[in-house]
Amino acid sequence: NFGIQGRVRFRKVKHLNHGASNFENYQQILVDIGNVWVEDEEFDSALEIVDLLEVPSDKVRLLVEIALSRSREGDIAGAKKTLAPALRIANLIQNATEKNYSLSYIAAAQGRVDDLAGAKETLATLGTADPRQETEERSVYLLNIAQAQISVGDSAGAKKPWQLL
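Basis of the calculations
- Residues numbered from 1 in each chain as written.
- Predicted model: local features only at pLDDT ≥ 70, side-chain atom pairs only at ≥ 80, totals over all residues.
- Heavy atoms only, no water.
- Helix = DSSP H or I, 4+ residues; strand = E, 2+ residues; numbered from the N terminus.
- Expected span 1.5 Å × (residues − 1).
- Buried < 20%, exposed > 50% of the residue type's maximum accessible area, 1.4 Å probe, protein only.
- Arc of directions from axis to C-beta.
- Contact = heavy atoms within 4.5 Å.
- Axes fitted to C-alpha atoms, helices over the stretch in contact; angles between N-to-C directions.
- Parallel < 35°, antiparallel > 145°, perpendicular 65-115°, else oblique.
- Left-handed = near helix turned anticlockwise from the far one by under 90°.
- Nonpolar A, V, L, I, M, F, W, Y, C, P; charged D, E, K, R; others polar.
- Phe/Tyr/Trp six-rings, centres within 6.5 Å; stacked < 30°, edge-to-face > 60°.
- Core = buried A, V, L, I, M, F, W, Y, C linked by side-chain atoms within 4.5 Å.
- Salt bridge = Lys/Arg side-chain N within 4 Å of Asp/Glu carboxyl O.

1. Details of helix α5 (residues 76-92)
Part 1 of the argument: If you check α5, its first and last C-alpha atoms are 25 Å apart, about what 17 residues at 1.5 Å a residue would give, namely 24 Å.
Part 2 of the argument: For α5, the complete set of buried residues consists of Gly78, Ala79, Thr82, Leu83, Ala86 and Ala90. Buried residues of α5 fall within an arc of 130° about the axis and therefore sit on the same side. Exposed side chains of α5 directed beyond 90 degrees from the buried face belong to Ala77, Lys81, Arg88 and Leu92.
Part 3 of the argument: Residues of α5 that are buried sit in contact with α4 (56-72) and α6 (96-112).

2. Some words on unusual backbone geometry
Part 1 of the argument: A positive phi angle, close to 60°, is found at Glu41, a residue other than glycine.
Part 2 of the argument: Along the chain, Glu41 falls in the loop between α2 (23-39) and α3 (43-52).
Part 3 of the argument: Of note, Asp114 is a non-glycine position whose phi angle comes to about 65°, a positive value.
Part 4 of the argument: Along the chain, the position of Asp114 falls in the loop between α6 and α7 (116-125).
Part 5 of the argument: Note on Asp114: relative accessible area 54%, which makes it exposed.

3. Points about the packing of α5 against α6
Helices that pack against each other are described as a pair by the angle of their axes relative to one another and the distance between those axes.
Part 1 of the argument: Packing of α5 against α6 brings their axes to within 9 Å, and their N-to-C directions diverge by 160°. In terms of their interaxial angle, α5 and α6 are classed as roughly antiparallel. Helix-helix and strand crossings are classified by hand; for α5 and α6 the assignment is left-handed. Of the residues in α6, those in contact with Leu83, Ala86, Leu87, Ala90 and Asn91 of α5 are Lys99, Ser102, Leu103, Ile106, Ala109 and Gln110.
Part 2 of the argument: Along the lines of polarity and charge, the residues of the contact of α5 with α6 split into seven nonpolar, three polar and one charged.

4. Quick notes on the packing of α3 against α4
Part 1 of the argument: Contact geometry of α3 with α4 gives a least axis separation of 9 Å together with a crossing angle of 165°. One finds that α3 runs roughly antiparallel with respect to α4. For the pair α3 and α4, the sense of crossing is left-handed. Taken together, the residues of α4 that come into contact with α3 (itself represented by Phe43, Asp44, Ala46, Leu47, Ile49, Val50 and Asp51) are Lys59, Leu62, Leu63, Ile66, Ser69 and Arg70.
Part 2 of the argument: Taken together, the residues of the contact of α3 with α4 break down into eight nonpolar, one polar and four charged.

5. So, the environment of Ala77
Part 1 of the argument: You can see Ala77 is positioned in helix α5.
Part 2 of the argument: Put simply, Ala77 and Asp115 are 38 residues apart on the chain and 9.8 Å apart in space, counted from C-alpha to C-alpha.

6. What about the packing of aromatic side chains?
Part 1 of the argument: Within the structure shown, the criterion is met by one aromatic pair.
Part 2 of the argument: Pairing Tyr101 with Tyr105 gives two aromatic rings, centres 6.3 Å apart and planes at 15°, and the pair type is stacked. Residue Tyr101 and its partner Tyr105 are both found in helix α6; the two are separated by four residues, about one turn of the helix.
Part 3 of the argument: Residue classification places Tyr101 among the partly exposed positions, given a relative accessible area of 22%.

7. Focus on the nonpolar core
Part 1 of the argument: In this structure, Ile49, Leu62, Val64 and Ile66 are the most contacted members of the largest nonpolar core, which totals 32 residues.
Part 2 of the argument: Contributions of two or more residues to this core are made by α2, α3, α4, α5, α6 and α8 (135-151).
Part 3 of the argument: At seven residues, the largest contribution of residues to this core is made by α4.
Part 4 of the argument: Ignoring sequence-local partners within four residues, the contact set of Val64 consists of Leu83, Tyr105, Ile106 and Ala109.

8. Some points on the pattern of salt bridges
Part 1 of the argument: Going through the model one piece at a time under the given rule, you end up with one salt bridge.
Part 2 of the argument: Residue Asp58 pairs with Arg61 through a salt bridge whose shortest N-O separation is 2.5 Å. Highlighted residues: Asp58 and Arg61, both in helix α4, separated by three residues, approximately one helical turn.

What follows is the structure, encoded as structure tokens:
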């Protein structure tokens, strides 16, 4: 149930979809509209967008953004609850690079919402950074790991990912 503002935005998404030339454009439009709803703190509407997304890593990223926004608003329990499906989805991703990136993003978010046990557990499931990844992607992945390690009190461990660059 999007509400009046949400219905207007959803109609815009549907209208834009008619002009989308391919699947990636449509997915990006959905991600963009989901992020607008997150910014407006319309979390239920943003969660409905998550259900429409077909790319698992896009689902994870939007769920993490929802969780972080909830946390900033003081809803720590809601933030932690939102990260649970993100973790389930990330663990189902078959591509190792995408899976590790999604898990590192979740671990960093868990640290930011004071789920230190969850962040430690998620960090333990991560593989190593693929040296064939683009440098920028690897940097973001390693930054996520370092942020999560700092949040769980492992400052020495936070330095290690940077040795992989």
